[in-house]
Amino acid sequence: MPALEANLLISPDDHFAVVVSRFNDLVTTRLLEGAVATLKRHGAKDDQITTAWVPGSFEIPVVADRLASSGKYAAVITLGAVIQGETSHHEYINAPMASALMQIGLKYGRPVLFGVLTCHSMEQALDRAGGKAGNKGVEAALAAIETVNLLRQCAQPASPRTKSS
Ligand SMILES: Nc1c(NC[C@H](O)[C@H](O)[C@H](O)CO)[nH]c(=O)[nH]c1=O
Ligand SMILES: CC(=O)[C@@H](O)COP(=O)(O)O
């Protein structure tokens, strides 16, 4: 049975958008560094990566939607760090944001990668931004490259899509 090939090659024509939250930038800067280093390690040049800083993770979806709808980017990588405080505010950011990002990817047929940390503490966040638990930015970048290549092997959608297709 033929299998679609998973690979981590970046084409010179592939452009990647990275939407990163400025909130908790002690963490998100490390996520961004990991994501950009990973894209470059797999062949991306500087002009193939566009970074958009947003105030907080709640603003990621609206910018990710605009970038995905443009048709210019093979994938949109999203990076943030939502750290629970005293109230339930984080609950009103995390799940709705994740759901919105998934819908954007499905709407435009472009990978929208979820690299947003949803943590109980700063320690947990730092552990996942280059600490003992890895770097979620690296993971999101790797997933972006692989999914772009996988979709390229898939048949094009039969039904007409939005302008980005
Ligand atoms: N508490 C965190 C926030 N809060 C800000 C929101 O994301 C948003 O910018 C504000 O509600 C205005 O719409 N954002 C994070 O990314 N991380 C947090 O821990
Ligand atoms: C996730 C957040 O918005 C967080 O910073 C809010 O903190 P708090 O719940 O203490 O207001």
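Residues numbered from 1 in each chain as written. Chains lettered and ligands numbered in written order. Predicted model: local features only at pLDDT ≥ 70, side-chain atom pairs only at ≥ 80, totals over all residues. Heavy atoms only, no water.

- The protein is annotated in an unreviewed UniProt entry as 6,7-dimethyl-8-ribityllumazine synthase from Caulifigura coniformis.
- Looking at the protein in UniProt, the text filed under Pathway (unreviewed entry) is "Cofactor biosynthesis; riboflavin biosynthesis; riboflavin from 2-hydroxy-3-oxobutyl phosphate and 5-amino-6-(D-ribitylamino)uracil: step 1/2."
- Regarding the protein, the relevant UniProt record gives this comment under Sequence similarities (unreviewed entry): "Belongs to the DMRL synthase family." (UniProt positions renumbered as here; feature names shortened; annotations may be inferred.)

1. Topic: the site of ligand 2
Part 1 of the argument: Taken together, Val-82, Ile-83, Gly-85, Glu-86, Thr-87, His-89, His-90 and Ile-93 make up all the residues around ligand 2.
Part 2 of the argument: The contact in question runs from an oxygen atom of ligand 2 to an N or O atom on the backbone of Glu-86, over 2.7 Å.
Part 3 of the argument: Within the contact set of ligand 2, an oxygen atom lies 2.4 Å away from a side-chain nitrogen or oxygen of His-89.
Part 4 of the argument: Burial of ligand 2 by the protein amounts to 70% of the accessible area it has alone, namely 330 Å².
Part 5 of the argument: Put simply, ligand 2 lies in the second largest pocket. (Near = heavy atom within 4 Å. Polar contact = N/O pair within 3.5 Å; in protein donor to acceptor, adjacent residues only side chain to side chain. Areas by Shrake-Rupley, 256 points an atom, 1.4 Å probe, with all protein chains shown as cover. 1 Å grid on protein atoms, 1.4 Å probe; cavity = no way out; pocket = protein on both sides within 12 Å on 5 of 7 lines; lining within 4 Å. Sits in = over half its atoms within 2 Å of the grid points.)

2. Thoughts on helix H1 (residues 25-41)
Part 1 of the argument: The terminal C-alpha atoms of H1, which comprises 17 residues, lie 23 Å apart, in line with the 24 Å expected from a rise of 1.5 Å per residue.
Part 2 of the argument: Positioned one or two residues after H1, Gly-43 has a phi angle of 110°, which is positive. (Helix = DSSP H or I, 4+ residues; strand = E, 2+ residues; numbered from the N terminus. Expected span 1.5 Å × (residues − 1).)

3. Digging into the pairing of strand S2 (residues 49-54)
Part 1 of the argument: Bridge count between strand S1 (residues 16-21) and S2: 6 bridges; the pairing is parallel. Note that in S2 the partner of Phe-16 across the bridge is Ile-49.
Part 2 of the argument: Read as a crossover between parallel neighbours, the route from S1 over H1 to S2 is right-handed. (Pairing = 2+ DSSP bridges. Right-handed = clockwise from strand over helix to strand, strands pointing away.)

4. A look at the UniProt feature "binding site: (2S)-2-hydroxy-3-oxobutyl phosphate" (unreviewed entry) in the protein
Part 1 of the argument: Residues annotated in UniProt with the feature "binding site: (2S)-2-hydroxy-3-oxobutyl phosphate" (unreviewed entry) correspond here to Glu-86, Thr-87 and Arg-128. Their sequence span is 43 residues, while the largest C-alpha to C-alpha distance among them is 22.7 Å; these annotated residues do not converge on one region. Put simply, the named residues that line the second largest pocket are Glu-86 and Thr-87.
Part 2 of the argument: In this fold, Glu-86 is placed in the loop between strand S3 (75-83) and helix H3 (91-108).
Part 3 of the argument: Inspection of the secondary structure assignment puts Arg-128 in the loop between helix H4 (122-127) and strand S5 (129-131).

5. Things to note about the site of ligand 1
Part 1 of the argument: Close to ligand 1 lie Ser-21, Phe-23, Asn-24, Gly-56, Ser-57, Phe-58, Glu-59, Ala-81, Val-82, Ile-83, His-89 and Ile-93.
Part 2 of the argument: A distance of 3.2 Å separates an oxygen atom of ligand 1 from a polar side-chain atom of Asn-24.
Part 3 of the argument: In the environment of ligand 1, an oxygen atom lies 3.1 Å from a nitrogen or oxygen atom belonging to the backbone of Phe-58.
Part 4 of the argument: For ligand 1, the accessible surface in isolation is 440 Å², of which the surrounding protein chains cover 75%.
Part 5 of the argument: A majority-of-atoms criterion places ligand 1 in the second largest pocket.

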